[in-house]
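Architecture and fold: a report
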Amino acid sequence: MLLGAIEAGGTKFVCGVGNAKSGSVETVTIATRDPDSTFADVEAFFRSAARPGRIEAVGVGSFGPLDLNPLSSTYGCILRTPKPLWEGVDLIGRTSAILGVPVALDTDVNAAALAETVLAGEDVATLAYITVGTGIGVGIVADGKPLHGLGHPEAGHYLPRRHAAHGDFAGVCPFHGDCFEGLASGKAVEAAWGKPASQLPPGHPFWEVESHYLAQLCALLFLTVAPMRIVLGGGVMKQHRLFPMIRARTLDLLAGYLSGLSDMAAMEKRIAPPLSREPPGLIGSYMLAEHMVRQRGKGGIR
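A brief look at the structure comes next.

Tallied over the entire structure, the rule returns five salt bridges. Measuring nitrogen to oxygen at the nearest pair gives 3.2 Å for the salt bridge that ties Arg47 to Glu43. Of this pair, Arg47 and Glu43 both sit in helix 1 (residues 35-49), four residues apart, roughly one helical turn. Exposure remark for Arg47: the relative accessible area of 46% places this residue in the partly exposed category. Look at Glu43 and you get partly exposed, because its relative accessible area is 32%.

Okay, the packing of aromatic side chains next. In the structure shown here, the tally under the stated rule is seven aromatic pairs. Between Phe45 and Phe46, the aromatic rings sit 5.1 Å apart at their centres with planes inclined by 70°, giving edge-to-face as the arrangement. Just as Phe45 is buried, Phe46 falls in that class too. Three or more aromatic residues joined by ring pairs make a cluster, and in this case those are Phe13, Phe39, Phe63 and Trp86. Sitting over the ring of Trp207, Arg241 keeps its end group 4.5 Å from the ring centre.

Quick look at the side chain of His166 now. Note that His166 resides in the loop between strand 8 (145-146) and helix 4 (180-184). Taking relative accessible area as the criterion, His166 reaches 6% and is therefore assigned buried. A polar atom in the side chain of His166 sits 2.9 Å from the side chain of Tyr213. If we ignore the near neighbours within four places in the chain, the residues touching His166 are Leu183, Ala192, Trp193, Val209 and Tyr213.

Turning our eyes to something else, we now look at the sheet that holds strand 8. On the basis of which strands lie adjacent, the open sheet formed by five strands has the order 8-7-6-9-10 and mixed pairing. Two strands in the sheet have a free side with no partner beyond their single neighbour: strand 8 and strand 10 (271-272). Pairing geometry for strand 6 (residues 126-132) and strand 7 (residues 136-142), over seven bridges, is antiparallel. Paired with Thr126 across the strands is Ala142, a residue of strand 7. Packed on one face of the sheet, helix 6 (residues 206-224) meets strand 6, strand 7, strand 9 (229-233) and strand 10 and runs near 155° to strand 6.

Its boundaries defined by the atoms lining it, the second largest pocket holds a volume of some 750 Å³. Around the second largest pocket sit 26 residues that line it, and Leu114, Pro146, Met287, Leu288 and His291 are the ones nearest its centre. With six residues, the single largest contributor to the lining of the second largest pocket is helix 9 (residues 280-297). Here the residues of the lining of the second largest pocket sort into 17 nonpolar, five polar and four charged.

The residue His163 is located in the loop between strand 8 and helix 4 in this model. Taking relative accessible area as the criterion, His163 reaches 17% and is therefore assigned buried. A polar side-chain atom of His163 sits 2.9 Å from the main-chain amide nitrogen of Ala165. Excluding residues that lie within four positions of it along the chain, His163 makes contacts with Glu208, Val209, His212 and Tyr213.

For strand 6, a buried count of seven out of seven residues is recorded, marking the element as mostly surrounded by other parts of the structure. The alternating pattern of strand 6 places Thr126, Ala128, Ile130 and Val132 on one face and Leu127, Tyr129 and Thr131 on the opposite face, and all of these are buried. Hairpin connection of strand 6 to strand 7: three residues between the antiparallel strands.

Membership of the largest hydrophobic core comes to 39 residues, with the highest contact counts inside it found for Ile130 and Leu232. At the level of secondary structure, the elements contributing two or more residues to this core comprise strand 6, strand 7, helix 4, helix 5 (186-193), helix 6, strand 9 and helix 7 (242-254). Among residues more than four places away in sequence, those in contact with Leu232 are Ile130, Val132, Cys218, Met237, Phe243, Ile246, Ile271, Ala272, Pro273 and Pro274. Among the nonpolar cores identified, the runner-up in size contains 27 residues, and Phe46, Leu68, Trp86 and Leu91 belong to it.

Time to look at the sheet that holds strand 1 (residues 3-8). With mixed pairing, five strands are arranged side by side in an open sheet as 3-2-1-4-5. The open sheet terminates on both sides in strands that have one partner only, identified here as strand 3 (23-31) and strand 5 (103-107). Going from strand to strand, the sheet's axes swing by 15° on average, the running direction of each strand aside. Sheet topology places strand 1 next to strand 4 (residues 58-62); five bridges connect them, and they run parallel.

Analysis parameters
Residues numbered from 1 in each chain as written. Predicted model: local features only at pLDDT ≥ 70, side-chain atom pairs only at ≥ 80, totals over all residues. Heavy atoms only, no water. Salt bridge = Lys/Arg side-chain N within 4 Å of Asp/Glu carboxyl O. Helix = DSSP H or I, 4+ residues; strand = E, 2+ residues; numbered from the N terminus. Buried < 20%, exposed > 50% of the residue type's maximum accessible area, 1.4 Å probe, protein only. Phe/Tyr/Trp six-rings, centres within 6.5 Å; stacked < 30°, edge-to-face > 60°. Lys NZ or Arg CZ within 6 Å of the ring centre and 35° of its normal. Polar contact = N/O pair within 3.5 Å; in protein donor to acceptor, adjacent residues only side chain to side chain. Contact = heavy atoms within 4.5 Å. Pairing = 2+ DSSP bridges. Axes fitted to C-alpha atoms, helices over the stretch in contact; angles between N-to-C directions. 1 Å grid on protein atoms, 1.4 Å probe; cavity = no way out; pocket = protein on both sides within 12 Å on 5 of 7 lines; lining within 4 Å. Points joined across faces, edges and corners; volume = space filled by probe spheres on them. Nonpolar A, V, L, I, M, F, W, Y, C, P; charged D, E, K, R; others polar. Core = buried A, V, L, I, M, F, W, Y, C linked by side-chain atoms within 4.5 Å.

Set out below in structure tokens:
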């Protein structure tokens, strides 16, 4: 089965042709600019790489928030996003117009959570994926299905306890100021410290501050959703020395309250980097497309 996939992020779009099982035949990375310029490049890629007539569906895992209610008049559109110029963009309509095939849509983090759940094995029925990049997003998969309800998870906009070292830093979220995204995303790191995480030395207060916030987010998820694994991805989490700091701080915050999360050995299993060989959101987008094709084959989607 040949499918298209788009991991639509705030900084870049990663587009691919292939499927989740065997991976991508061809990919391209496109800088996220205004919608017209970005989708012009997306179209150019699929026109050249798509083997016209052979792609059966396209899956899109996108930054949000998104309208995922099929009964809504704005279904498939980006809602009140912090990303300038993207509010109201019809992702399903624009993507479908490129190849004229069905389009499956979910958040980029739900798509990533789908991919990581498969790789985690059968004993991980519930998984949360946190991306720490341009923003902070949380995707949750339970029993093989992305979590939806009143919209989709937006735990990156929850308000944490502030770290004293942040002083009077207001945060960068245009909606909530000092939420997790406003304090600990890649944009927040550069705004607070003047450099990206990759350029900050080991003794810099960033490491303590960042692990302080991300541990709170992990603890919040363990206490509310009870995932069997939390996967931390995104550009900021390429600084792998954050992982042991986050695990230790999460352990302190939980204070032995949850059985199975009482020591560092347990935390190493439960808080982990991605296992996917490609961007998890891209692989998960292939999975979204494949699910749509199979459902249409069963007569479940018109």
